[in-house]
Amino acid sequence: MPPAVGNPRFGRLRRHPVLSALAALVILAGLVFGGRWGYGKLFPPSLTCGAGLTATGSPLACAGVNIDSGPFTDHEPARMRELEGMVKSANDTVKGPYTSIVLMLDLSPVSDVDTLTYDSLYPNIEGALTAVWRANNTAAYGSTPAIKLYLANMGSQYGSWEQTVAKLKEKAASEHVSAVVGLGQSTEQTRRAAAAISAQLHIPVIGSTVTGNSMNLDPADPTGKKQIVDMFRVSPTNSDSVTAANQYVSGLRPAVTSLAVVADSVTGDDYTQTLAEDAKAKFKVQGRTVTVLPYTSPVDLPAGSGRQAYLVQQFNLMHANLCQAAPSVVYFAGRGRDLGAFVENWVQGAPCGIAQLHILAGDDASESIRDKAVLSGIASGRVTVAYTALASPDEWGKECPGSDAKRNYDQFWSAFTGRPDPCTGQPLTADQDVPALSFDPVDLASGQAMLTHDAAVAAVSAGRRDAVGLKNPGLETGILHQFYCAQMLPGASGWLSFGSDGTPAGKPTPVVQLGSDGTAKTIALTWPDGAPNLSLPQRGGKGAPGC
């Protein structure tokens, strides 16, 4: 066998160890970076989550408390990123002692799975930012300590609430968290989140649009009667909304003698369950026939599975029974995102002698303000759509100066838009030379900006009156209970006065009509509690609830 022949290049490398080492490093680097590039192409990196967040769910999203104001998903809309940037900028300006409030919602909604959208989320964030801007830069709600705002994501369908509460508990002390606001929809998941925050952190949880009757009851209590100790809300309950709807219907002429309740029977949704239960009972008055038409919305639909098509099929089967009932008014006791499927089916279904269907719905119908199926149905003339809103930008009228409640709203409006007061024409004066906000007044249409602002205002007001602060955060619950009668708080949606169970007293319920162009107009202002509550009580008077 002939001797092996050596490669002269390798021989030279052996005679130069430094050159050999450099060559090896170049080859290794090529393998590493080339491998990383190839792996990155074949297996894209998972979502990177910032401080206070963890990647979870399907599709993947960051759940928890967003300390760095980074994205919650890798496909967030530009508007969401802009608002997250505004939160960060506002927090970065805070110097010295501060306390924080956390806006907790489903901040990564999945299209055709969740019954909310990014468009419906933005006003909530804008409302919270407005409350914090007013707290830090005006005399509206005291002056110290400064306030920071953090966004917290419970994930699609609030499925990651446990991880979010865990991250909140982890960051509460270091970030001086004094209250949680928002929560979003009245579901079993949000109720469990509120109960867990109360039990583990002992800080107030103030719902902005939480209306389900049972949402302030501890889900762990077998009797179903124990209240969540630290739970408050600034919006009326479903029971109040149905009372308001019945007040409105009873005032219509000609009198409504036949009414149908289209009721979602899905389990685990306190909003639809309690809305339907109250509607079945309260609309039954002498001289009126009430027909209940049930349907069941889907639960745990995967992304892309088609919630709309699922519901159209059911409403198509309901069509004949609805025609048979021939109601003067249909009360839609379901989620607002499902209203489009109902309207679409009615408009495109077989005619049955009803020229125009008059639909009245609960407050979640604000989710359908931009629903193309709803707007097309209104434009066709086959339906009218109204709903009992939790708040509405024109509920106080346009008269100047108007009531004290209207003056409160006008100051909020000026801070929200950065424009002069609509009655006085005076610009809102800030304590410091800071940029004004400039949110679009169109974003006030759903009322959610007003309510989230008011929830944040209640949290700020309690935090600033707690001298002990976070050393004993449970004190703030007691302070919130003192906001009633003459100690009411001025809110955009009305005076804030809390009953012993944490629900608001003396709040109005506007009835809002949708136009085919997506505009919303208040057509009635009802007071489920009875007398209007427009001003702080005069000395010796009884001008507010609880006095």
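Throughout what follows, the structure given in this document is the object of discussion. (Residues numbered from 1 in each chain as written. Predicted model: local features only at pLDDT ≥ 70, side-chain atom pairs only at ≥ 80, totals over all residues. Heavy atoms only, no water.)

Quick word on the pattern of salt bridges
One pass over the structure, following the stated rule, counts twelve salt bridges. A salt bridge links Arg192 to Glu188; the nearest nitrogen and oxygen atoms lie 3.3 Å apart. Within this pair, Arg192 and its partner Glu188 are both found in helix H6 (residues 188–201), separated by four residues, close to a single helical turn. When its relative accessible area of 23% is taken as the criterion, Glu188 is described as partly exposed. A salt bridge links Arg335 to Asp269, with the shortest nitrogen-to-oxygen separation between them at 2.9 Å. Here Arg335 is found in the loop between strand E10 (329–333) and helix H10 (339–348), whereas its partner Asp269 is found in the loop between strand E8 (258–264) and helix H8 (270–282), with 66 residues between them in sequence. For Asp269, a relative accessible area of 10% puts it in the buried group. Here the salt bridges share partners, and the residues they tie into one network are Arg79, Glu82 and Glu126. (Salt bridge = Lys/Arg side-chain N within 4 Å of Asp/Glu carboxyl O. Helix = DSSP H or I, 4+ residues; strand = E, 2+ residues; numbered from the N terminus. Buried < 20%, exposed > 50% of the residue type's maximum accessible area, 1.4 Å probe, protein only.)

Examining the environment of Ile101
With respect to the element layout, Ile101 can be found in strand E3 (residues 98–105). Taking the relative accessible area as the measure of exposure, Ile101 reaches 1% and is therefore buried. Measuring from C-alpha to C-alpha, the distance between Ile101 and His176 comes to 8.5 Å, with 75 residues separating the pair along the chain. Excluding anything up to four places from it in sequence, Ile101 contacts Val132, Ile147, Lys148, Leu149, Tyr150, Ser178, Ala179, Ala456, Ala459 and Val460. (Contact = heavy atoms within 4.5 Å.)

Some points on helix H9 (residues 307–325)
The terminal C-alpha atoms of H9 lie 26 Å apart, and with 19 residues this matches the ideal 27 Å at 1.5 Å per residue to within 8%. Helix geometry: H9 is bent most strongly at Met318, by close to 40°. Turning to H9, its buried residues number three or more, namely Arg307, Leu311, Phe315, Met318, His319, Leu322, Cys323 and Ala325. Positive phi appears at Ala326, one or two residues downstream of H9, with a value of about 45°. (Expected span 1.5 Å × (residues − 1). Bend = angle between axes of the 7 residues up to and from the residue.)

What to know about the sheet that holds strand E6 (residues 205–207)
Taken in spatial order, the seven strands line up as E1-E2-E4-E3-E5-E6-E7 in an open sheet, and their pairing is mixed. Across the chains shown, the open sheet's two edge strands, defined by having one partner strand only, are strand E1 (53–56) and strand E7 (231–233). Along the sheet, successive strands turn relative to each other by an average axial angle of 25°, direction set aside. In this sheet, E6 lies alongside strand E5 (residues 177–182) in parallel orientation, the contact comprising three bridges. Each bridged residue has a counterpart across the sheet, and for Val180 the counterpart in E6 is Val205. (Pairing = 2+ DSSP bridges. Axes fitted to C-alpha atoms, helices over the stretch in contact; angles between N-to-C directions.)

Side note on H6
Here H6 spans 20 Å end to end across 14 residues, near enough to the 20 Å set by a 1.5 Å rise per residue. Within the sequence span of H6, burial applies to Thr190, Arg191, Ala193, Ala194, Ala195, Ala196, Ile197, Ser198 and Leu201. The secondary structure elements touched by the buried residues of H6 are E3, helix H5 (161–171), E5, E6 and E7.

Digging into the sheet that holds strand E13 (residues 509–514)
The strand order across the open sheet built from seven strands is E9-E8-E10-E11-E12-E13-E14, with neighbouring strands paired in mixed fashion. Strand pairing shows two members of the sheet lacking a second neighbour, strand E9 (289–295) and strand E14 (520–526), which therefore form its edges. Across the sheet, the axes of successive neighbouring strands diverge by a mean angle of 25°, strand direction being ignored. Here E8 runs beside E10; their pairing, made up of five bridges, is parallel. Of the residues in E10, the one forming a bridge with Val262 is Phe332. Relative to E14, helix H7 (residues 238–250) is tilted by about 95°, and along the sheet it contacts E8, E10, strand E11 (357–361), strand E12 (383–388), E13 and E14.

Structural notes on the state of the cysteines
Under the criterion given, the structure shown has three disulfides. Bridging Cys49 to Cys62, the disulfide has an S-S length of 2.0 Å. Because the torsion about its S-S bond is -90°, the bridge between Cys49 and Cys62 counts as left-handed. Taken together, the positions of Cys49 in the loop between helix H2 (17–42) and E1 and Cys62 in strand E2 (residues 61–66) put the pair 13 residues apart, joining distant regions of the chain. Judged by relative accessible area, which is 0%, Cys62 ranks as buried. In this model, Cys400 is linked to Cys423 through a disulfide, with the two sulfur atoms separated by 2.0 Å. One quick way to see it: the torsion about the S-S bond of Cys400 and Cys423 is about -85°, and its sign makes the bridge left-handed. With Cys400 in the loop between E12 and helix H12 (404–417) and Cys423 in the loop between H12 and helix H13 (448–465), the pair connects residues that are 23 residues apart, well separated along the chain. (Disulfide = S-S within 2.5 Å.)

Digging into the packing of aromatic side chains
Applying the stated criterion across every chain yields a total of eleven aromatic pairs. Aromatic side chains Phe332 and Phe342 sit 5.5 Å apart centroid to centroid with 45° between the ring planes, which places their arrangement in the tilted category. Residue Phe332 is located in strand E10, and its partner Phe342 is located in helix H10; the two are separated by ten residues in the primary sequence. This pair shows no difference in class: Phe332 is buried, exactly as Phe342 is. Ring plane angle 40° and centroid distance 5.6 Å describe the contact between Phe412 and Phe416, whose orientation is recorded as tilted. Residue Phe412 and its partner Phe416 are both found in helix H12; the two are separated by four residues, about one turn of the helix. (Phe/Tyr/Trp six-rings, centres within 6.5 Å; stacked < 30°, edge-to-face > 60°.)

By themselves, these observations are geometric and do not establish any function.
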